[in-house]
Amino acid sequence: MNRSSSDNKHGRINEIIEKTGSAINGGRYPLEIMNNSDLYPLELRRIFGQAWVYMGHVSEFEEPGDYARRYIGEDPFILTRDENGELHAFLDSCMHRGAQFCTAENGNTSHFRCPYHGWTYKNDGTLQGMPHMSEAYQDLDDEEITLEEACLETYRGLIFGRIAEEGPSLEAYLGDFTWYLDVLFGATEAGMTVVGEPHRWESSHDWKTSADNFSGDSYHVLTTHQAGLETETFSKDPWEELDDFPAASYLACTDRHSIGYYLSEDGETFMGYPEEITDYLNPELSAEQRELFGRSVFHFGSVFPNMSLIHGIQSGGWGGPWACIRKWNPRGPGTTETTSWWLVPKEFADDESFLSDSHRGWESLSPGGAFESDDLTIWEGISNSSGAVTHELRDTRGNMQQGMGEMTDEVDTIEDPLHGPADVTSKGLYFDERNSRTILQSWYEMMSETSKSDNDPEMEAEP
Ligand code: FES
Ligand SMILES: [Fe+2]
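Computed from a prediction, not measured in an experiment: that's the story for all the values here. (Residues numbered from 1 in each chain as written. Chains lettered and ligands numbered in written order. Predicted model: local features only at pLDDT ≥ 70, side-chain atom pairs only at ≥ 80, totals over all residues. Heavy atoms only, no water.)

Asker: How should I be thinking about the overall build of the protein in this particular structure?
Answerer: Regarding its fold elements, the protein presents 15 helices and 22 strands. Taking 2.2 N^0.38 as the reference for a compact globule, 463 residues should give roughly 23 Å; the C-alpha atoms of the protein span a radius of gyration of 23 Å, in line with that estimate. With the C-alpha coordinates aligned to their principal axes, the bounding extent of the protein is approximately 80 × 60 × 40 Å. The buried share of the protein, reckoned over its 463 residues, is 55%. Of all intrachain contacts in the protein linking residues separated by at least 6 positions in sequence, the fraction that spans at least 24 positions is 68%. When the accessible surface of the protein is split by element, carbon and sulfur atoms take 44% of a total near 19800 Å². Charge-centre separation for the protein: the mean point of 32 positive side chains lies 7 Å from the mean point of 84 negative side chains. (Helix = DSSP H or I, 4+ residues; strand = E, 2+ residues; numbered from the N terminus. Rg over C-alpha atoms; globule rule 2.2 N^0.38 Å. Buried < 20%, exposed > 50% of the residue type's maximum accessible area, 1.4 Å probe, protein only. Contact = heavy atoms within 4.5 Å. Areas by Shrake-Rupley, 256 points an atom, 1.4 Å probe, with all protein chains shown as cover. Lys, Arg positive; Asp, Glu negative; His and termini not counted. Charge placed at Lys NZ, Arg CZ, Asp CG, Glu CD.)

Asker: When you look at the sheet that holds strand S11 (residues 158–162) in this model, what are you seeing that I'm missing?
Answerer: Backbone-to-backbone hydrogen bonds pair the strands of a sheet. The strands run either parallel or antiparallel. Spatially, the three strands line up as an open sheet ordered S2-S11-S10, and their pairing is antiparallel. Edge strands, defined here as strands with exactly one partner in the open sheet, are strand S2 (53–57) and strand S10 (151–155). Averaged over neighbouring strand pairs, the angle between their axes works out to 30° when direction is ignored. In this sheet, S11 lies alongside S10 in antiparallel orientation, the contact comprising five bridges. Note on S11: the bridge partner recorded for Cys-151 is Arg-162. (Pairing = 2+ DSSP bridges. Axes fitted to C-alpha atoms, helices over the stretch in contact; angles between N-to-C directions.)

Asker: How should I be thinking about the nonpolar core in this particular structure?
Answerer: When a protein is soluble and globular, its nonpolar side chains tend to lie buried together. Core analysis: the largest hydrophobic core is formed by 99 residues, its most contacted members being Phe-160, Phe-185, Phe-293 and Trp-443. Both domains that meet at this core, namely domain 1 (53–154) and domain 2 (174–448), each give it at least three residues. Not counting chain neighbours up to four residues away, the residues in contact with Phe-185 comprise Arg-156, Leu-158, Gly-191, Met-192, Met-307, Leu-309 and Ile-325. Cys-94, Phe-101, Phe-112 and Cys-114 belong to the second largest nonpolar core, which has 15 residues in total. (Core = buried A, V, L, I, M, F, W, Y, C linked by side-chain atoms within 4.5 Å. Domains from an automatic or database assignment.)

Asker: For this particular structure, what's the right way to read the UniProt feature "domain: Rieske" (unreviewed entry) in the protein?
Answerer: Under the feature "domain: Rieske" (unreviewed entry), the UniProt entry names residues 53–161. Structurally, residues 53–161 comprises 4% helix and 41% strand, and the distance from its first C-alpha atom to its last is 5 Å. (UniProt positions renumbered as here; feature names shortened; annotations may be inferred.)

Asker: Can you walk me through the coordination of the iron ion (ligand 2) in this structure?
Answerer: A metal bound by six donors in octahedral fashion has ideal angles of 90 or 180 degrees, whereas one bound by four tetrahedral donors has an ideal angle of 109.5 degrees. Here the iron ion (ligand 2) is held by the protein donor atoms His-220 (NE2), His-225 (NE2), Asp-375 (OD) and Asp-375 (OD), which lie 2.1 to 2.4 Å from it. Angles of 57 to 149° at the metal separate the four donor atoms of the iron ion (ligand 2), which places the site in the irregular class. Along the chain, the residues donating to the iron ion (ligand 2) fall in the pattern H-x4-H-x149-D. One end of the pair, His-225, is in the loop between helix H7 (221–224) and helix H8 (226–229); the other, Asp-375, is in helix H12 (residues 372–386), with 150 residues separating them in the sequence. (Donors = N, O, S within 2.8 Å, 3.2 Å for Na, K, Ca; no water. Tetrahedral: all angles 85-135°; square planar, octahedral: opposite > 155°, others 65-115°.)

Asker: For this particular structure, what's the right way to read the sheet that holds strand S3 (residues 66–72)?
Answerer: Reading across from one edge, S5-S4-S3-S6 is the order of the four strands in this open sheet, with antiparallel pairing throughout. The open sheet is flanked by strand S5 (87–91) and strand S6 (106–108), the only strands paired with a single partner. For this sheet, the mean inter-axis angle between neighbouring strands, taken without regard to orientation, is 30°.

Structure, rendered in structure tokens:
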């Protein structure tokens, strides 16, 4: 690409980013930002290169040597616990010629041996040795050779990694959203634990589409999942027992992350957990967090950029609450590999009857679940049409205006400590798209912030 076409591309990318920033204030956005091959490399650098990205749960790495392959953006990392109990995330790239040294998805090992020339690393990232070391590397500074490592921090058992060496602490990045993570992942004293291996599947949808969907889009359920919801299996209690359904629905968003939830009037709902849950409650919860958890029916939400969650009573009405973490791994423009974890409170991890109820969450949301293919078909269609040249040439705008200005008198802003520190509205799940706007606002802020950098390789002229 010559200098002038590169400048044109540079200008065009910035134009899309900046017009997204101004359009979102009016509840609109350029549809061309989905499945966009020009924006995608910037998303990897400016969002996934800078943000705290969910990588796994501490319960998956209880023993020294436990490891699993996990991604930040498209970068393959090996998340592991070393022999001293410390967690690390190493880039799966040997410091000799860059070969991937880990060939399994997960396992337990004290060392990683590169399959190319045999350099071997301890699971703390330091070099153990290599073939013919004493003859071939007599003057090697072997202490200087350590695996490249992401920054790691945890909150309530959730492990987040960051590629950028500088940036806010995880708690600062999560901000007020920690209040809700306390309720969702720290409601019992022992915390949550992952059951089994996470599911993984690839689909042709943009990671932003699914993060948006899980952030608070109940509006789609009535249409996208109508057929499933009319079957006997999924139309039963307890949803029908909520007399004021959907009046008891709320949206809460902080400046970057968002959640939607349904509450009952009954303070002892506890997402459908067995009665013993009250014996296990975490004394660290505030009175408001305790009450919110007690009245909770179902929660879902998204932590920017690509972690989503579900926690609550299943719509089938069999009583077993289900907790699920989703991660939307970008795999090229308009393509995502989903990783999906099932979690339960540790106190119930050996309760077979509880597990068999909870396990049924996979029946609705998993590759073989009744609702998953409904969503995927729609999300892939968005990816297909968003790449249309028409959107680019005609500057087509999508709509996220629900809940803005005079759009509805249904949505009320709530000032009540029961709902925590975020901005909260009632009935927002059906009449307010503020959570979706929050995601795009976060996208804009991260994409735009570094666009001023002179050192951004994407903005250099291509040869
Ligand atoms: S690339 Fe790993 S040992 Fe050579
Ligand atoms: Fe859905």
